[in-house]
Every structure is written in C-alpha cells, then in structure tokens.
Amino acid sequence: MMRNNLSDIFFQLVRYALDERHQAPQVEADEWDAMFDMARKQSIVGVVFESVKRLDQEVEIPRQLKMKWFFHANKIKNRNILLNQRSAELVKLFRQEGFDCCVLKGQGNAIMYPEPYLRTSGDIDMLCMSLSDGRSQMSDLRDYVIKYVRRIKPQAEVRYYHVEFKYQEVPAEAHFMPGIMNNPIYNSRLQKWYRSHYGCQMMALPEGAGEIPVPTLEFNVVYQLAHLMHHFFDEGIGLRQFIDYYYLLQNAENKLEIGHEKLRRTLHQLNLYHFAGAVMYVEREVLGLEEKYLIVPVDERRGKTLLDEILKGGNFGHSSGLRQNSTAKKYFLKGWRNMHFIREYPAEALCEPVFRTWHFFWRLKHS
C-alpha cells in the first residue's frame, strides 16, 4: 500500500543521490512510479537515477521503470554532450565578434556535478559584459548584442536583459545583464554590483569538448541566488536549480575571497538576505547540505514557504497551472500568487506586477 509521505521519501531519495553517506531510502515497489514522476516534475531524473543505481541490488524496483529511467538518463547525457559542443561554439563566435563573455549557469553548473552528465540541461545563457574595444556603456552594449544576434538570427526576441534565439536548434539567450530584480532600487544596486564584480575563469568541458569561460565563484554565489529569487516570483522554481546551488556552495568552500561577513552585508544591501535564509533551509533540510557550507543562517519560516512553492510548481512552475491559462488570465493569477509573499518579501512582491506591466510595453517598443 502506498504511504502518504511520498514527498519525504522522495527527499530521502534525492539526498542519497547527492551523497551516499545519507541513509538509503526505503521505497516500496508501488511507490517507484511516483518517485519517477516527482523527479521528472523537478527536472532531476538524471540526478535521482544515481539512487536507483545504488539501490538496484537492495530493493525491488520494477524492471520496466528501471529501463524507462535509464532511457531518460541516457537522453539527458546525450543532450549535455550536445550543449557542451554548442556552448564552446557560441563562446568562440561571440569572442570573435569582440564581446567579453562567459556562460551563465547551465553547462557551467554541470561541470561542478560529480558526474557532469547528470544535470538536465536547458538553454545556453551567454553573458556579454563588455566589448573588447572598451565600448561598455550599457545602452551601447545592449544595441551591439541585439544587432549581432539579429544579424545571425533575424527572428530573435528581445527582452529587457537578454535576447532569445536558436543556435543550431538549441535555445540560447545572449545577456547584456546577468539578471534583474523587480524593485528598481535594488535592481540598480544589483546591476552596479554585477558590473564591479564581473570576472570569469576557464573551465574544461568533459571528454575533450573544449573550454568555456564561466563566472568566478564570488560572482556566481550572488548571481545564482538572485536568479533563484527572480524565478521564484516569475511563476516558480524547482529543485534542479537548488541542486545547482548545492554543488556551487560545496565548490566554493574556503575559496571565496569575499568572506562570509562581507557576503552577508552584500546580500542585505541587495535585498537578498532573507531569501538566502529560505534557500539555506531547502539546501539543508531537503538536500542535506552540511552546515559548514551555508552562507547565512537558516530561515525556517520563509524556507517552508519556498519549499511549498517548489513542490506545487515544479521546475520553473510548469506544474503550477499558470502556464495553461491565457496571457490575460495568467497576468492576474501571477499577481495574485505573488501577493501572498508580501509578508516575506514586500519589496519584490509589491513591485513584481508593476515591473511586469512596464516590461510588457518595453517589449512592444523594442520588438
């Protein structure tokens, strides 16, 4: 008989996949289909497959499901191999055009995984922070990025902080800002912080696929936290991104030149501190991250709210129901959803519908 606490069992399965020192979960035969569905909802089928392989000799896993899981994990691996190739190619193209660029998240995060083909890949995010000839004013940079992308892909779609296009059938985004916040004051501070702390390091891709530039650890710890917060208000966020941050924090141990106290002051200044406490709750309670890796104290109240949204919405909110509505209905539903977070994050929650409305008209002007 299937038990009621499937989420707790699933979290045990995830923790065991991330670190086999955690207790192996006791999954009943009739619960494995639910485990697969939850892993797919959170876009972590490849990660959780590590638990399936470790438990294979100890517990009863339906053979058909094992084959299905293996098939999906192999698809994830092949997709990662393709995106590694395309990422290296895009970096070369943008650098030839004179952009100082790096790869955000994505394949840069996958490199930090113990097995680089576990991560479910998405698109390729290219960050262009300056031009090699010194023309780095934001208005100029935006224009140059848009002109270049539309020269190679005329149908590219412009957003406030990036331009979306397809490269060799792979979705890609060329960023002239790493990310944004809804509140204009904190967004201005964030952009200033990005410009003053930008730096990249070369990382080798697996199996000789080449090298790609990725942000420094200091940049990434703040940037990916801000990215999580932005997507939390933009329909939702899933466990895949928290596993990315799990490995980032592990990789950053004793390597951050900024120091924890200065980092915490920075997060306060950027209005990211309380959200960081919620993220630390998920990292510790759900993923089993050790205390020594936490960058701020755990915020249990906000963390439980965040976890509830992760479970309801899944990866980027695909299971929340918002995406299935018309644009007009989704507009009001999203605003209603975010009003529930005023107590925890008043600045972002109150500004989200204002920014979304402004962005709608900005896109019309720049399309």
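It should be emphasised that the depicted structure is a prediction, and the values quoted were computed from it without experimental measurement.

Draft legend 1. Representation of the nonpolar core within the structure. Grouped together as the largest cluster of nonpolar side chains are 88 residues, with contacts concentrated most on Phe10, Trp32, Met35, Trp69, Tyr245, Leu267 and Leu306. For Trp32, the contacting residues outside a window of four places in its chain are Leu13, Val27, Val52, Leu55, Val59, Glu60, Ile61, Pro62, Leu65 and Trp69. Cys128, Val149, Val163 and Phe165 belong to the second largest nonpolar core, which has 36 residues in total.

Draft legend 2. Quick look at the pattern of salt bridges. This structure, assessed with the given rule, holds 21 salt bridges. A salt bridge links Lys105 to Asp125; the nearest nitrogen and oxygen atoms lie 3.0 Å apart. Taken together, the positions of Lys105 in the loop between strand 1 (99–104) and helix 5 (106–110) and Asp125 in strand 2 (residues 124–131) put the pair 20 residues apart, joining distant regions of the chain. Assigned by exposure class, Lys105 and Asp125 land together as buried.

Draft legend 3. Representation of the sheet that holds strand 4 (residues 162–167). Strand order in the open sheet made by the five strands is 1-2-5-4-3, with mixed pairing throughout. Edge positions in the sheet fall to strand 1 and strand 3 (157–158), since each of these pairs with one other strand and no more. Alignment of strand 1 against strand 2, held across six bridges, turns out to be antiparallel. In the strand pairing of strand 2, Cys101 is matched with Cys128.

Draft legend 4. Seen up close, the packing of helix 9 (residues 239–252) against helix 11 (residues 273–286). Here helix 9 crosses helix 11 at 85°, and the two axes come no closer than 10 Å. Taken together, the axis directions place helix 9 and helix 11 in an arrangement best described as roughly perpendicular. Where helix 9 abuts helix 11, its residues Leu239, Phe242, Tyr245, Tyr246 and Leu249 lie against Val279, Met280, Val282, Glu283 and Val286.

Draft legend 5. Structural view of the packing of aromatic side chains. In total, this model carries 28 aromatic pairs according to the counting rule given. On the numbers, 6.1 Å between centres and 80° between planes, the contact of Tyr198 with Phe219 is edge-to-face. With Tyr198 in the loop between helix 7 (184–197) and strand 6 (200–204) and Phe219 in helix 8 (residues 217–233), this pair connects stretches of sequence that are 21 residues apart. For the ring pair Phe232 and Phe341, a centre distance of 4.7 Å and an interplane angle of 40° mean the geometry is tilted. With Phe232 in helix 8 and Phe341 in the loop between helix 13 (327–339) and helix 14 (346–366), this pair connects stretches of sequence that are 109 residues apart. Per residue, the accessibility class of Phe232 equals that of Phe341, and both read buried. Of note, Arg54 hangs over the ring of Tyr16, and the distance from its end group to the ring centre comes to 5.8 Å. The side chain of Arg337 reaches across the aromatic face of Phe232, ending 5.5 Å from its centre.

Rules used throughout
- Residues numbered from 1 in each chain as written.
- Predicted model: local features only at pLDDT ≥ 70, side-chain atom pairs only at ≥ 80, totals over all residues.
- Heavy atoms only, no water.
- Core = buried A, V, L, I, M, F, W, Y, C linked by side-chain atoms within 4.5 Å.
- Buried < 20%, exposed > 50% of the residue type's maximum accessible area, 1.4 Å probe, protein only.
- Contact = heavy atoms within 4.5 Å.
- Salt bridge = Lys/Arg side-chain N within 4 Å of Asp/Glu carboxyl O.
- Helix = DSSP H or I, 4+ residues; strand = E, 2+ residues; numbered from the N terminus.
- Pairing = 2+ DSSP bridges.
- Axes fitted to C-alpha atoms, helices over the stretch in contact; angles between N-to-C directions.
- Parallel < 35°, antiparallel > 145°, perpendicular 65-115°, else oblique.
- Phe/Tyr/Trp six-rings, centres within 6.5 Å; stacked < 30°, edge-to-face > 60°.
- Lys NZ or Arg CZ within 6 Å of the ring centre and 35° of its normal.

Honestly, that's just the spatial picture; any functional story needs more than this.
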